[in-house]
Amino acid sequence: MRSKKHVTPLYVIFCIALLVLSTMASFMIFGKRQAPNPLLRGTDRKSFIVVVGKSDTSAFWQSVESGAHAAAVEYNLDMNFVAPVNEENYEEQNTMIRAAIRGEARAIIVSAIDYNANAEAVNEAVAAGIPVIVIDSDVNSEGVACRIMTNNYLAGRMAGEQALRNNEGELI
């Protein structure tokens with residue numbers, strides 16, 4: 001018999017968070033350099049990033065936050081995870097993105113609640129020279145530095161094909 005390997009959702013989320021933070025670290029090292037803020041001169045600040053999720057109450061986004069915190073520790077980054085209470089409040093999400101801009105985040109990772117309604121705030125971050133990385137849900141912005149998404153149609157097809165192989169072509 002073949003041994004079957006199962007990938008847990010938490011492992012997948014951790015890998016995505018690690019990939020996102022690795023990509024961000026590359027942008028911070030090789031990306032655009034901004035003039036230093038005179039108020040911060042002489043301090044030994046870590047790079048500050050903000051992850052803007054869709055909700056702070058769902059198990060999925062709590063797992064993303066946990067993975068992002070673990071990766072931030074590993075890469076020696078200051079990371080702040082923020083999210084609205086519910087997944088419908090794109091206005092609050094826009095406020096969070098603008099707060100990250102004012103807080104001089106070196107990168108913003110966002111999962112847009114609304115493809116069009118979040119675009120203006122994302123474009124403001126891009127215009128401020130802040131790399132924006134989109135995860136899970138896209139936003140209507142050509143300035144996004146990186147998009148990390150799942151093709152749900154392809155994932156479902158692959159899962160179905162694997163189920164057929166595991167059950168010798170028979171499913172009930």
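Since we're looking at a predicted model, the values are computed, not measured.

1. Some details on the confidence of the model for the protein chain
Move 1: Per-residue confidence for the protein chain averages 81 on the pLDDT scale, and 73% of its residues sit at or above 70.
Move 2: Here helix α1 (residues 9–30) stands out as the element of the protein chain with the lowest mean pLDDT, 53, in contrast to helix α4 (residues 119–127), whose mean of 98 is the highest.
Move 3: Every residue in residues 1–5 is under pLDDT 50, and counting partners more than four places away or in other chains gives 2 contacts.
Move 4: Under a pLDDT of 50 for its full length, residues 25–44 has, in the predicted model, 17 contacts with residues more than four places off or in other chains.

2. What to know about the side chain of Gln93
Move 1: Within the secondary structure, Gln93 is located in helix α3 (residues 90–102).
Move 2: Not counting residues up to four positions away in its chain, the partners in contact with Gln93 are Val52, Gly53, Lys54, Pro84, Val110, Ser111, Ala112, Ile113 and Asn118.

3. A short note on the packing of aromatic side chains
Move 1: For the structure on display, the rule yields 1 aromatic pair.
Move 2: A ring pair is formed by Phe60 and Trp61, whose centres lie 4.9 Å apart and whose planes are at 85°; its orientation type is edge-to-face.
Move 3: Residue classification places Trp61 among the buried positions, given a relative accessible area of 2%.

4. With respect to a nonpolar patch on the surface
Move 1: Side chains of Tyr153, Leu154 and Met158 sit close together on the surface and give an oily, nonpolar patch of about 360 Å² of accessible area.
Move 2: With respect to the helices and strands, Leu154 occurs in helix α5 (residues 152–166).
Move 3: You can call Leu154 partly exposed: its relative accessible area is 40%.

5. Structural notes on the pattern of salt bridges
Move 1: Here the structure, examined in full by the defined rule, presents 5 salt bridges.
Move 2: For Arg147, the salt bridge is made with Asp138, and the minimal N-O distance between the two is 2.7 Å.
Move 3: Judged by its relative accessible area of 28%, Asp138 is partly exposed.

6. Digging into the side chain of Asn118
Move 1: Residue position: Asn118 is located in the loop between β3 (107–110) and α4.
Move 2: Those residues in contact with Asn118 that sit more than four places away from it in its chain are Tyr90, Gln93, Asn94, Ala112, Ile113 and Val139.

7. Some words on the environment of Asn123
Move 1: Along the polypeptide, Asn123 turns up in helix α4.
Move 2: Judged by its relative accessible area of 34%, Asn123 is partly exposed.
Move 3: Each C-alpha atom of the pair Asn123 and Asn140 lies 9.1 Å from the other, and the pair is 17 residues apart in sequence.
Move 4: At a separation of 2.5 Å, a polar atom in the side chain of Asn123 contacts the side chain of Ser141.

The rules we used
- Residues numbered from 1 in each chain as written.
- Predicted model: local features only at pLDDT ≥ 70, side-chain atom pairs only at ≥ 80, totals over all residues.
- Heavy atoms only, no water.
- pLDDT = per-residue confidence, 0-100.
- Helix = DSSP H or I, 4+ residues; strand = E, 2+ residues; numbered from the N terminus.
- Contact = heavy atoms within 4.5 Å.
- Phe/Tyr/Trp six-rings, centres within 6.5 Å; stacked < 30°, edge-to-face > 60°.
- Buried < 20%, exposed > 50% of the residue type's maximum accessible area, 1.4 Å probe, protein only.
- Patch = residues over 30% accessible without salt bridge, like charges linked within 9 Å, V, L, I, M, F, W, Y side chains within 5 Å.
- Areas by Shrake-Rupley, 256 points an atom, 1.4 Å probe, with all protein chains shown as cover.
- Salt bridge = Lys/Arg side-chain N within 4 Å of Asp/Glu carboxyl O.
- Polar contact = N/O pair within 3.5 Å; in protein donor to acceptor, adjacent residues only side chain to side chain.

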